[in-house]
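Spelled out, the chains give:
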Amino acid sequence: MKVPLEVTYRDVEKTAAIDALIHEKVAKLEEVCDHISSCHIAVEKIHDRPRSGSPYRVRIDMTVPPGHELVADSNPGEETQYVELDTVIRDAFSAARRQLSKLTKRQHESDKSQNQEAYETTALVNKIFREEGYGFIKTLDGQDIYFHRNSVLHDDFDRLEIGTGVRFFVEDGEEGPQATTVKIVDKPGVTVGKSDQSLIEPPLGWE
C-alpha cells in the first residue's frame with residue numbers, strides 16, 4: 001500500500017483483538033488487489049444502548065489507481081438482531097472485498113484487451129504438420145511462432161497452405177510465444193475476397 005493504513009476509532013475502545021482483526025482483513029484485501037493506494041477505516045459507536053441492530057458502524061474508504069475510490073460500510077439496522085463489533089467489521093470488509101474483486105476483474109479484462117490489440121500481427125504460414133495438428137507462422141520480422149489447429153478460426157486449419165497470409169494474436173505459452181485466434185487473410189497469389197487487399201509480401205528468408 002502506497003499510503004500507510006489509517007484506522008480511526010470514535011467512541012470505541014481500541015483493543016488488541018479488534019486491531020488484529022482489522023489488519024488481518026486488510027491483508028486479505030491486498031491479496032485481491034496488490035496495488036491499493038490508500039485505505040482509511042473508521043470504527044465508531046453511534047448508539048449507546050440500542051434494543052436491536054448494532055451501536056457500531058464501520059466504514060472503509062479505499063483508493064485504487066488510476067483514480068478509483070471505493071467505499072464500503074456496515075451498520076446493521078434496527079430490524080436486525082443485536083450485532084457485535086467484530087461482526088460489523090467482518091461485514092464491512094466482505095462488502096469491500098466484493099467491490100475490489102469486481103474492479104480488479106474489470107481492470108484485468110481491460111489490460112488483456114489492450115495487450116491483444118497491441119500484439120495483433122500479420123504474417124505468413126511457413127510450416128504445417130497436418131497429422132499432428134500444428135504449424136508455424138513466420139512474422140514479417142522473421143520470428144517463428146507456433147500455433148495449434150484449435151487456434152485457427154472457423155475450423156480453417158485444413159485450408160492453410162505454405163504462404164497463406166494470416167492475422168493472429170500472440171500470447172506467452174509454456175514453451176514460448178504462440179499464436180492464438182489465427183485468421184486467414186489471403187491465400188498465395190490471390191486477393192482477399194472482393195477487397196483490394198493483395199497478397200502480403202513475404203519477408204526475406206521466410207521459407
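Look up: the structure comes first, before these words.
Report follows, based on the coordinates.

Procedures and definitions
Residues numbered from 1 in each chain as written. Predicted model: local features only at pLDDT ≥ 70, side-chain atom pairs only at ≥ 80, totals over all residues. Heavy atoms only, no water. Salt bridge = Lys/Arg side-chain N within 4 Å of Asp/Glu carboxyl O. Buried < 20%, exposed > 50% of the residue type's maximum accessible area, 1.4 Å probe, protein only. Pairing = 2+ DSSP bridges. Helix = DSSP H or I, 4+ residues; strand = E, 2+ residues; numbered from the N terminus.

## What about the pattern of salt bridges?
Here's step 1: Taken as a whole and assessed by the stated rule, the structure comprises six salt bridges.
Here's step 2: Put simply, Arg59 and Asp61 hold a salt bridge, and the shortest N to O gap is 2.9 Å.
Here's step 3: Arg59 sits in the partly exposed class, given a relative accessible area of 35%.
Here's step 4: Asp61 sits in the partly exposed class, given a relative accessible area of 23%.
Here's step 5: Of the charged contacts, one joins Arg159 and Asp156 as a salt bridge, the two residues approaching to 3.3 Å between their closest N and O atoms.
Here's step 6: A residue is classified by how much of its surface remains accessible, and Arg159, at 43% relative accessible area, is partly exposed.
Here's step 7: In this structure, a network of salt bridges that share partners links the residues Arg10, Glu44 and Arg57.

## Concerning the pairing of strand β6 (residues 134–139)
Here's step 1: The sheet contact formed by strand β5 (residues 121–129) and β6 spans six bridges and is antiparallel. Directly across from Leu124, in β6, lies its bridge partner Lys138.
Here's step 2: Counted along the chain from β5 to the antiparallel partner β6, the turn is four residues long, and its residue Gly133 has a positive phi close to 80°.
Here's step 3: Pairing of β6 with strand β7 (residues 144–148) involves five bridges; the strand directions are antiparallel. In the strand pairing of β7, Phe136 is matched with Tyr146.
Here's step 4: Counting the residues between successive antiparallel strands, the hairpin from β6 to β7 contains four residues, one of them, Gly142, with a positive phi of roughly 90°.

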